[in-house]
Amino acid sequence: MTEPAQEAPRRGRRPGAPDTRAAILAAARELFAAQGYAGTSVRSIAAAAGVDASLVHHYFGAKDDLFLAALALRVDPRVVVPPVFEGGLDGAGERLMRLFVSVWDDEETRLPLLGLVRGALDSGGQQLVRDGFLRMVLEPLAAGLGLDDERRMLLVASQLMGVVLLRYLLVVEPLASLSADELVALYAPTLQRYLSGPLPS
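Let us look at the structure shown here. Bear in mind that the values here come from a model prediction, so they are computed numbers and not experimental data.

1. Things to note about the layout of surface pockets
Move 1: What the largest pocket holds in volume is close to 300 Å³.
Move 2: Every residue lining the largest pocket is counted, 13 residues in all, and those nearest its centre are Gln-126, Val-129, Arg-130, Phe-133 and Met-161.
Move 3: Every element with two or more residues in the lining of the largest pocket is listed here: α8 (107–123), α9 (126–145) and α10 (150–169).
Move 4: Class assignment for the residues of the lining of the largest pocket results in 11 nonpolar, 1 polar and 1 charged.

What follows is the structure, given as structure tokens:
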């Protein structure tokens, strides 16, 4: 009787459990939502997922990369935001509004973002959304434009979040049917005033 042939040993990295990445991502979403970006460490995420911290880096890289994965964004703010401030303060309001509308008018990017906003409103994910918007969009924009009055970016955020709520979430007319150019024409001057105009002392 012949013995069964032995399999040749596999080479390369041992494959991880198929649910390891999902477990890390679920733990990250929960901790980022509960404790915010600054209050959450890679080690705490690894502990919550029941894995070694090295696996977190293996699957997601740096903490910022994991945070973006937890937000489930289809666009990377680290790529799309710099052109807004690289052009300088003049015209930044228009560039920001054009970027904002281009992202939100694209159905592929809008649907995950709407899911994120609804989750924040329904299930206490406000910290995740707040940190995502502040850390990934507003803080780099303020730094790139050399703005040191935090009120400026919060005023900008109030305008943009209002558009999200009325145009994309509640679909209120006629705002919902305005073209991208009409939106830019209406909102860019206000954003520019918030960015560079005088503010009450």
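On we go.
2. Regarding helix α11 (residues 180–196)
It helps to recall that an α-helix has 3.6 residues per turn; residues three or four apart then point in one direction.
Move 1: For α11, built from 17 residues, the straight-helix expectation of 24 Å at 1.5 Å per residue is met to within 8% by its first-to-last C-alpha distance of 23 Å.
Move 2: A maximum bend of about 35 degrees is found in α11 at Tyr-187, where proline Pro-189 lies one to four positions downstream.
Move 3: Considering only its buried residues, α11 is in contact with α7 (92–105), α9 and α10.

3. Concerning the environment of Leu-178
Move 1: Take Leu-178: it is sitting in the loop between α10 and α11.
Move 2: The buried category is assigned to Leu-178, whose relative accessible area is 19%.
Move 3: When the C-alpha atoms of Leu-178 and Arg-167 are compared, they prove to be 9.0 Å apart, with 11 residues separating the residues in sequence.
Move 4: Sequence-distant contacts of Leu-178, that is, excluding residues within four places in its chain, are made with Arg-167, Leu-183 and Leu-186.

4. Comments concerning the packing of α10 against α11
Move 1: Remark: α10 packs on α11, axes separated minimally by 7 Å, with the N-to-C direction vectors making an angle of 160 degrees. With respect to α11, the axis of α10 lies roughly antiparallel. Between α10 and α11 lies a crossing of right-handed hand. Facing α10, whose interface residues are Arg-152, Met-153, Leu-155, Val-156, Gln-159, Leu-160, Val-163, Arg-167 and Tyr-168, α11 presents Leu-183, Tyr-187, Thr-190, Leu-191, Arg-193, Tyr-194, Leu-195 and Ser-196.
Move 2: Class assignment of the residues belonging to the contact of α10 with α11 gives a composition of 11 nonpolar, 3 polar and 3 charged.

5. Focus: the nonpolar core
Move 1: Phe-32, Leu-66, Met-97, Phe-100 and Trp-104 are the most contacted members of the largest nonpolar core, which totals 63 residues.
Move 2: If sequence neighbours within four positions are ignored, Phe-32 has contacts with Tyr-37, Thr-40, Ile-45, Lys-63, Leu-66, Phe-67, Ala-70, Gln-127 and Leu-128.

6. Some thoughts on the environment of Ser-44
Move 1: With respect to the helices and strands, Ser-44 occurs in helix α2 (residues 42–49).
Move 2: Once the C-alpha coordinates of Ser-44 and Ala-27 are considered, the two residues, 17 residues apart in sequence, prove to be 8.9 Å apart.
Move 3: Looking at Ser-44, its side chain comes within polar contact range of the main-chain oxygen of Ser-41, at 2.7 Å.

7. Description of empty space enclosed by the protein
Move 1: Enumeration according to the criterion identifies 1 cavity of 30 Å³ or more in this entry.
Move 2: Reported here for the largest cavity is a volume of approximately 450 Å³.
Move 3: Along its surface, the largest cavity is lined by 23 residues, and Leu-73, Trp-104, Leu-113, Phe-133 and Val-137 are the ones closest to its centre.
Move 4: Elements with a minimum of two residues in the lining of the largest cavity: α5 (77–80), α7, α8, α9 and α10.
Move 5: The greatest single-element share of the lining of the largest cavity, amounting to 6 residues, is contributed by α9.
Move 6: Considered class by class, the residues forming the lining of the largest cavity number 22 nonpolar, 1 polar and no charged.

8. Digging into unusual backbone geometry
Move 1: Put simply, Glu-173 and Pro-174 share a cis peptide bond, and its omega is 5 degrees.
Move 2: Its identity as a non-glycine residue notwithstanding, Val-171 has a phi of 50 degrees, on the positive side.
Move 3: Among the structural elements, Val-171 can be located in the loop between α10 and α11.

Cut-offs used in this document
Residues numbered from 1 in each chain as written. Predicted model: local features only at pLDDT ≥ 70, side-chain atom pairs only at ≥ 80, totals over all residues. Heavy atoms only, no water. 1 Å grid on protein atoms, 1.4 Å probe; cavity = no way out; pocket = protein on both sides within 12 Å on 5 of 7 lines; lining within 4 Å. Points joined across faces, edges and corners; volume = space filled by probe spheres on them. Helix = DSSP H or I, 4+ residues; strand = E, 2+ residues; numbered from the N terminus. Nonpolar A, V, L, I, M, F, W, Y, C, P; charged D, E, K, R; others polar. Expected span 1.5 Å × (residues − 1). Bend = angle between axes of the 7 residues up to and from the residue. Contact = heavy atoms within 4.5 Å. Buried < 20%, exposed > 50% of the residue type's maximum accessible area, 1.4 Å probe, protein only. Axes fitted to C-alpha atoms, helices over the stretch in contact; angles between N-to-C directions. Parallel < 35°, antiparallel > 145°, perpendicular 65-115°, else oblique. Left-handed = near helix turned anticlockwise from the far one by under 90°. Core = buried A, V, L, I, M, F, W, Y, C linked by side-chain atoms within 4.5 Å. Polar contact = N/O pair within 3.5 Å; in protein donor to acceptor, adjacent residues only side chain to side chain.

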